[in-house]
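# Structure assessment
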Amino acid sequence: MASSIRRLLLVGFMGSGKSTVGRSLARTLGWPFHDFDDTVEEEEGRSIARIFSESGEAYFRAVEDRVARRLLDAEPAVLAAGGGWAAVPGRLRTVPPGTCSVWLKVSAEEAVRRAEAQPGSRPLLQGTDVLEVARTLLNERTPRYAECDVKVDTEGQTVEDVSARILERVGLIPENDSALETR
Ligand code: S3P
């Protein structure tokens, strides 16, 4: 699998660490890193929270998908999808050849804890009963996330642990580290 992989696509619920782990993987591999949410914000010139409140979720989803299609052309690349992008049925089957999708698993409880550390950044996790909302969303999305090629637990793990586990599972050798075996 490893030699044909030119793109790692990180998928998972809000707060699963896609951006942090993505940056770490990109550094290790010497590959560019692209984050769907950051690219949407750059293109729109406003934050995700503002896009949701000013233009609505449907508008955000349309921009997100357009950005995703463009970024999925890049190679080599490490990509971090927004938590909702891969939740659309069938979407993971549309990724181009050479893409390895990786599900970063996190519980609703931990996702909410992490979201609370960045207040206002996640419009879908706001208001009362945030934990209930997170549990419901995560339950709905889990079958879609589970279609990923590789699944990795993130809870209680450092960014370095998660990144190393992904590289091991995918069989990619970090740049300048020919001592690592592919599997
Ligand atoms: C969303 C996740 C967010 C962002 C938007 C919607 C979702 O990205 O795209 O707030 O529907 O799960 P992160 O998963 O990077 O937080």
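Rules used throughout
- Residues numbered from 1 in each chain as written.
- Predicted model: local features only at pLDDT ≥ 70, side-chain atom pairs only at ≥ 80, totals over all residues.
- Heavy atoms only, no water.
- Near = heavy atom within 4 Å.
- Polar contact = N/O pair within 3.5 Å; in protein donor to acceptor, adjacent residues only side chain to side chain.
- Areas by Shrake-Rupley, 256 points an atom, 1.4 Å probe, with all protein chains shown as cover.
- Nonpolar A, V, L, I, M, F, W, Y, C, P; charged D, E, K, R; others polar.
- Helix = DSSP H or I, 4+ residues; strand = E, 2+ residues; numbered from the N terminus.
- Expected span 1.5 Å × (residues − 1).
- Bend = angle between axes of the 7 residues up to and from the residue.
- Buried < 20%, exposed > 50% of the residue type's maximum accessible area, 1.4 Å probe, protein only.
- Contact = heavy atoms within 4.5 Å.
- Arc of directions from axis to C-beta.
- pLDDT = per-residue confidence, 0-100.
- Phe/Tyr/Trp six-rings, centres within 6.5 Å; stacked < 30°, edge-to-face > 60°.
- Lys NZ or Arg CZ within 6 Å of the ring centre and 35° of its normal.

The next subject is the site of the ligand. What surrounds the ligand is a group of 13 residues, the closest being Lys18, Asp37, Arg61, Arg122 and Arg141. At a separation of 2.7 Å, an oxygen atom of the ligand approaches a polar side-chain atom of Arg141. Relative to its free-state accessible area of 390 Å², the ligand is covered by the protein chains to the extent of 95%. Broken down by class, the residue content of the shell around the ligand amounts to five nonpolar, three polar and five charged.

When the terminal C-alpha atoms of helix α6 (residues 130-145) are compared, their 21 Å separation across 16 residues agrees well with the 22 Å that a helix rising 1.5 Å per residue should span. Along α6, the sharpest kink reaches roughly 30 degrees, centred on Asn139 and followed within four residues by the proline Pro143. If you check which residues of α6 are buried, you get Val130, Ala134, Leu137, Leu138, Arg141 and Tyr145. Against the buried residues of α6 lie β1 (7-11), α4 (57-71), β4 (99-105) and α5 (108-116).

Compared with an ideal rise of 1.5 Å per residue, which puts twelve residues at 16 Å, helix α7 (residues 159-170) spans 16 Å between its outermost C-alpha atoms and is within 8% of the ideal. Residues of α7 that are buried include every one of Val162, Ser163, Ile166, Leu167 and Val170, and no others. The buried residues of α7 occupy an angular sector of 130 degrees when the element is viewed end-on, so they sit on one face. Among the structural elements, β1, α1 (18-29), β4 and β5 (150-153) are those in contact with the buried residues of α7. Residue Gly171 follows α7 closely and has a positive phi angle near 80 degrees.

Turning next to the confidence of the model for the chain. Mean pLDDT for the chain: 92, with 93% of residues reaching 70 or above. Below a pLDDT of 50 lies the segment residues 178-183, which in the model reaches eight contacts outside its immediate sequence neighbourhood of four places, other chains included.

The next subject is the packing of aromatic side chains. What the rule picks out here adds up to three aromatic pairs. Judged by centre distance (5.5 Å) and plane angle (90 degrees), the ring pair of Phe36 and Trp85 falls under edge-to-face. With Phe36 in helix α2 (residues 36-44) and Trp85 in the loop between β3 (77-80) and β4, the pair connects residues that are 49 residues apart, well separated along the chain. Residue classification places Phe36 among the buried residues on the basis of a relative accessible area of 0%. Under the relative-accessibility criterion, Trp85 is labelled buried at 1%. When the ring of Trp103 is compared with that of Tyr145, the centres are 6.0 Å apart and the planes differ by 40 degrees; the resulting orientation is tilted. Taken as a pair, Trp103 in strand β4 and Tyr145 in helix α6 lie far apart in primary sequence, 42 residues in all. No difference in accessibility class separates Trp103 from Tyr145, as the two residues are buried. Its guanidinium or amino end placed over the ring of Trp103, Lys105 lies 4.9 Å from that ring's centre, counting from NZ or CZ.

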